[in-house]
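Structural characterization, general
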Amino acid sequence: MSTSKPMDILNQAREKGVLIRLRGNRRMRGILKNYDIHLNLTLENAEEIGEGGAVKLGDVIVRGDNVIMISPPPK
Amino acid sequence: MSTSKPMDILNQAREKGVLIRLRGNRRMRGILKNYDIHLNLTLENAEEIGEGGAVKLGDVIVRGDNVIMISPPPK
Amino acid sequence: MSTSKPMDILNQAREKGVLIRLRGNRRMRGILKNYDIHLNLTLENAEEIGEGGAVKLGDVIVRGDNVIMISPPPK
Amino acid sequence: MSTSKPMDILNQAREKGVLIRLRGNRRMRGILKNYDIHLNLTLENAEEIGEGGAVKLGDVIVRGDNVIMISPPPK
Amino acid sequence: MSTSKPMDILNQAREKGVLIRLRGNRRMRGILKNYDIHLNLTLENAEEIGEGGAVKLGDVIVRGDNVIMISPPPK
Amino acid sequence: MSTSKPMDILNQAREKGVLIRLRGNRRMRGILKNYDIHLNLTLENAEEIGEGGAVKLGDVIVRGDNVIMISPPPK
Amino acid sequence: MSTSKPMDILNQAREKGVLIRLRGNRRMRGILKNYDIHLNLTLENAEEIGEGGAVKLGDVIVRGDNVIMISPPPK
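Source: prediction; values computed, not measured.

1. Quick word on the overall build of chain A
Of the regular secondary structure elements, chain A holds 1 helix and 5 strands. Going residue by residue from the N terminus, the α and β elements of chain A occur as α-β-β-β-β-β. Since a compact globule built from 75 residues should have a radius of gyration of about 11 Å, the 12 Å found for chain A is in line with a globular shape. Dimensions of chain A along its principal axes, counting C-alpha atoms only, are 45 × 25 × 20 Å. Scored against the burial criterion, the 75 residues of chain A give a buried share of 53%. Summarising the internal contacts of chain A: among those between residues at least 6 apart in sequence, 37% fall at separations of at least 24. Of the roughly 3500 Å² of accessible surface on chain A, a fraction of 51% belongs to carbon and sulfur atoms.

2. Description of the interface of chain B and chain C
With 22 residues of chain B at the contact, the number on the chain C side is 22 residues. Summed over both sides, the interface of chain B with chain C buries roughly 2000 Å², with 52% coming from carbon and sulfur. On the chain B side of the contact with chain C, R26, I61 and R63 of chain B bury the most area, a combined 35% of that side's loss. If you look at where chain B meets chain C, you find 2 salt bridges. A salt bridge links D65 of chain B to R23 of chain C; the shortest N-O distance between them is 3.4 Å. Seen at the junction of chain B and chain C, the total is 11 residue pairs in polar contact (both at pLDDT 80 or more). Those elements giving two or more residues to the side of chain B that touches chain C turn out to be β2 (26-35), β3 (41-50) and β4 (53-62) of chain B. When residues in the side of chain B that touches chain C are grouped by element, the largest group, 5 residues, is from β4 of chain B. Residues that form the side of chain B that touches chain C fall into these classes: 9 nonpolar, 5 polar and 8 charged. Judged from the 2 bridges that link them, β4 of chain B and strand β5 (residues 67-71) of chain C form a sheet pairing that is antiparallel. Paired with V62 of chain B across the two strands is M69 of chain C, which belongs to β5 of chain C.

3. Some points on the confidence of the model for chain A
For chain A, the mean per-residue pLDDT works out to 91, and 95% of the residues sit at or above 70. Confidence metrics for the complex model read pTM 0.90 and ipTM 0.89.

4. Considerations on the relation of the copies chain B and chain C
Least-squares fitting of chain B to chain C yields an RMSD of 0.0 Å, with the superposition described by an axial translation of 0.0 Å and a rotation of 51 degrees. Mapped onto chain C, only 5% of the interface residues of chain B are again interface residues, and the two copies thus contact each other with different surfaces.

5. Side note on the interface of chain B and chain A
Contacts between the two partners involve 22 residues from chain B, matched on the other side by 22 residues from chain A. With both chains or domains summed, chain B and chain A bury close to 2000 Å², and 51% of this area falls on carbon and sulfur atoms. On inspection of chain B and its partner chain A, the count reaches 2 salt bridges. In this assembly, chain B and chain A are joined by 11 residue pairs in polar contact (both at pLDDT 80 or more). The element best represented in the side of chain B that touches chain A is strand β5 (residues 67-71) of chain B, accounting for 5 residues. In the side of chain B that touches chain A, the residues fall into 11 nonpolar, 6 polar and 5 charged.

6. Let's talk about the pattern of salt bridges
Once the charged atoms of two side chains with opposite charge are near each other, the side chains can pair. Under the defined criterion, the tally for this structure stands at 56 salt bridges over all chains. Among the salt bridges present, the one from K56 of chain B reaches E47 of chain B, with a minimum N-O distance of 3.4 Å. What makes K56 of chain B exposed here is its relative accessible area of 70%. As a salt-bridge pair, K33 of chain F and E15 of chain F come within 2.9 Å of each other at their nearest N and O atoms. With a gap of 18 residues between them, K33 of chain F in strand β2 (residues 26-35) and E15 of chain F in the loop between α1 (8-13) and β1 (17-22) connect regions that are remote in the sequence. Here K33 of chain F falls in the partly exposed class, since its relative accessible area comes to 26%. If you follow the salt bridges from partner to partner, you end up with E15, K33 and E44 of chain A in one network.

7. Structural notes on unusual backbone geometry
The backbone phi angle of N45 of chain C is positive, close to 55 degrees, even though this residue is not glycine. Mapped onto the fold, N45 of chain C is located in strand β3 (residues 41-50). Given a relative accessible area of 55%, N45 of chain C falls into the exposed group. In this structure, N25 of chain F is a non-glycine residue whose phi angle is positive, near 60 degrees. Along the chain, N25 of chain F falls in the loop between β1 and β2.

Criteria and cut-off values
Per chain, residues are indexed from 1 in the order of the written sequence. Ligands are numbered from 1 and chains lettered from A, in the order in which they are written. Thresholds applied to this predicted model are a pLDDT of at least 70 for local features of residues and 80 or more for the giving and counting of side-chain atom pairs; totals over whole chains, interfaces and linings are not thresholded and use all residues. Side-chain numbers here rest on the full set of heavy atoms in the structure, without hydrogens or water. What counts as a helix is a DSSP run of H or I of at least four residues, what counts as a strand is a run of E of at least two, and both are numbered from the N terminus. All radius of gyration figures rest on C-alpha atoms, and the globule criterion is 2.2 Å times the number of residues raised to 0.38. Classification of residues uses two cut-offs on accessible area relative to the type maximum, computed with a 1.4 Å probe and protein chains only: under 20% is buried, over 50% is exposed, and between them is partly exposed. What makes two residues a contact is simply this: any of their non-hydrogen atoms within 4.5 Å. Accessible surface area values rest on a Shrake-Rupley calculation with a 1.4 Å probe, where residue burial reflects the displayed protein chains alone. Put simply, buried area is how much 1.4 Å-probe accessible surface two parts lose in total, over both of them, once they are put together. Here a salt bridge means any side-chain nitrogen of Lys or Arg lying within 4 Å of a carboxyl oxygen belonging to Asp or Glu. Side-chain atoms alone can form a polar contact between residues adjacent in sequence; in general such a contact is a pair of N or O atoms within 3.5 Å, and within protein one must be able to donate a hydrogen while the other accepts it. Note on residue categories: nonpolar means Ala, Val, Leu, Ile, Met, Phe, Trp, Tyr, Cys or Pro, charged means Asp, Glu, Lys or Arg, and polar means any other residue, Gly included. Strands are labelled as partners when DSSP assigns at least two bridges between them. What pLDDT reports is the predictor's confidence in each residue, on a scale of 0 through 100. To superpose the copies, least squares is applied to the C-alpha atoms of every residue with a pLDDT of at least 70 in both.

Dropping the structure here:
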């Protein structure tokens, strides 16, 4: 195993838009401000994306154990 | 990874109103008094927000592993 | 983060009535005798509060990982 | 926090009848023989209590993470 | 708390038949060959007990976190 | 407790066919290549066994916390 | 137990296509870029595979505790 870690790509995603899938079929997007090894996240200008459109959440802290996957912005 | 942590923004949210989403489709709001790294929270003047309006809970301790996300107040 | 912890307010709630919400939509109340950092609790004169009224449980130990939130008595 | 722990009252319940609620709406009773800090329990003359009465289980070891609450016998 | 542990009675159950309840309403029986503190178990001549009778499984390793309770044979 | 562990019988099952039950009513079989104490497994020529027959999966790594039980081949 | 670990075969799967099954009946495929011992994964050109075809996800980080199994490419 190399010494780089799966979460290293989040480092390049800071201050950029990310898409997040949470348990319970929730999807969110926002500007990634901060993260830790548990995938606890801080997002700015976050929105929950549902069937009826996006709901603005502002700044949020997401507890990492609800996260299924995170997509950084395309390179 | 920087040395700041996702939960650091909760430090500025102390004594201010926060909105909390819990597992099981529960939403709460209240004045954030205290928190720890597990997102255990103490809230003052807490209310549960449901379809039929808000139910007053007074002071509460929320066990962190029920938390999905926390929104600090707008800056 | 200050050195006080969310659970510190439980220390003032000892020997007083608390209201507890458990996973699975259960609610209980009782006199808080003891607690630990996992929110394992000992209650005296505990009652389960359901739709049909309260069921007396006497003394109980509640395993902390079932706890969603605890309300100490109003100050 | 005092140095006594929520589980200390189980020490006085040894060799006495206890009532246990488990996840999945199960209830049991039996003579408490032993326990540990995870609430792993050994019961003697255990019975599962269901709608149709009690089913004898004899001696059982209960894995603690299934336990919701334990009621020691009335003082 | 005494220094004996709830699982100590499994030591006398080695090489004897035990009955096991698993999460998801499964029941098994078999000869207990080995166990550890997580209640990981090795059984010989194991059978799953369902509504339509017993299904032979032979030797099995059961991962402990699926275990609800274990009944050693009557003394 | 002896110093042998429940998983020791997996050591004799290496390079042999094993049957695995996973949470969510899944069953698999394959040649056991490797395992660790969490019951993370590597299987070769793995197949998922469903109602409509077996689906070939080739080599797979199974994350241990999905495992309910493992049956080594008959002795 | 040998010193090789179940996840070692992921090392040969780097930069190659892998198929992943997640909890909640989700399936994904993508180029494995990175992984750690929790099975946190980084995938490139990831796609979610559903009944109606594949949905492009681009780069993703998958939190390991959602993973059921991973299939490296055939040798």
